[in-house]
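# Fold and contact review
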Amino acid sequence: MKKLLIVGAAIAALSVAAYLAIPETPAPSTASSALPPEGAPLVSIVVPDQLSAQAQLGKTAYDAVCAACHGSNATGKMGFGPPLIHPIYEPNHHGDMAFLMAVQNGVQAHHWPFGNMPPQAGVTNSDVTAIVAYVRELQRANGIN
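Residues numbered from 1 in each chain as written. Predicted model: local features only at pLDDT ≥ 70, side-chain atom pairs only at ≥ 80, totals over all residues. Heavy atoms only, no water.

### With respect to the packing of aromatic side chains
In this structure the tally under the stated criterion is two aromatic pairs. Each ring, one from Tyr 62 and one from Tyr 134, has its centre 5.5 Å from the other, and the planes form 55 degrees; the classification is tilted. Here Tyr 62 is found in helix α2 (residues 53-65), whereas its partner Tyr 134 is found in helix α5 (residues 125-141), with 72 residues between them in sequence. For Tyr 134, a relative accessible area of 1% corresponds to the buried category. Between Trp 112 and Phe 114, the ring centres sit 6.3 Å apart and the planes meet at 40 degrees, which makes this aromatic pair tilted. Classification of Trp 112 by relative accessible area gives partly exposed; the value is 23%. The lysine or arginine in question, Lys 77, covers the ring of Phe 80, its NZ or CZ lying 4.9 Å from the ring centre. (Phe/Tyr/Trp six-rings, centres within 6.5 Å; stacked < 30°, edge-to-face > 60°. Helix = DSSP H or I, 4+ residues; strand = E, 2+ residues; numbered from the N terminus. Buried < 20%, exposed > 50% of the residue type's maximum accessible area, 1.4 Å probe, protein only. Lys NZ or Arg CZ within 6 Å of the ring centre and 35° of its normal.)

### Description of the pattern of salt bridges
A side chain with one charge can pair with a side chain of the opposite charge if their charged atoms come near. Evaluated as defined, the whole model comprises two salt bridges. When the shortest N-O distance is used, the salt bridge between Lys 59 and Asp 63 registers 2.9 Å. On the criterion of helical spacing, the pair formed by Lys 59 and Asp 63 is a turn pair, its members being four residues apart in helix α2. Residue classification places Asp 63 among the partly exposed residues on the basis of a relative accessible area of 38%. Here Asp 96 ties to Arg 136 by a salt bridge, and the two come within 2.9 Å at their closest N and O atoms. Here Asp 96, found in helix α4 (residues 96-105), pairs with Arg 136, found in helix α5; they are 40 residues apart in sequence, far enough to count as distant. (Salt bridge = Lys/Arg side-chain N within 4 Å of Asp/Glu carboxyl O.)

### Details of α2
The terminal C-alpha atoms of α2, which comprises 13 residues, lie 19 Å apart, in line with the 18 Å expected from a rise of 1.5 Å per residue. Listed as buried for α2 are Ala 55, Gly 58, Ala 61 and Tyr 62. Down the axis of α2, the buried side of the element spans an arc of 120 degrees, and every buried residue falls inside it. Turned more than 90 degrees away from the buried face of α2, the exposed residues are Ala 53, Leu 57, Thr 60 and Ala 64. Tucked inside the fold, the buried residues of α2 contact α3 (67-70) and α5. (Expected span 1.5 Å × (residues − 1). Arc of directions from axis to C-beta. Contact = heavy atoms within 4.5 Å.)

Structure, rendered in C-alpha cells:
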C-alpha cells in the first residue's frame, strides 16, 4: 500500500512538472486577431484550371444552394458558414456521406461558431454527389486529400 502511494505521488508530481514546463502562449495582439468583415471569405484558395464534367455540374449546384453560406468556391463566409476547403473536411474526417447527411438532416454546429446548418430542401442525391465532386476537386487542388 505504501509503495502504491509513493508511485501515485510520483506520477502526480511529474504531471504537475510537465504542465508547468509547457510555455504559455501569449495572447494575440488586437491587430492580428481582427476578424474579417461580415461576408468575407475565410480562406484563400487555388481554383483548378479545369474541372471534371461532374464537378462542373457540382459547381452549378453549389453556387445555387451552398455559396450563400459557404462562400464562393467553398472558401467560407464570415458570419454565415465555414470553408469546405479546410483540413477538417478532408475525406478521412468528413467522408462523402457526411455531406449527403448534412444536406438531408442538417448539422449541429461542432467545429465552427456559425450555428447549426438546416437541412437543404430540394437538393437531390445526384446534386450532392456532383457538389461533393466539385468540393473534392477544389480540396485536392489545395493539398487536402
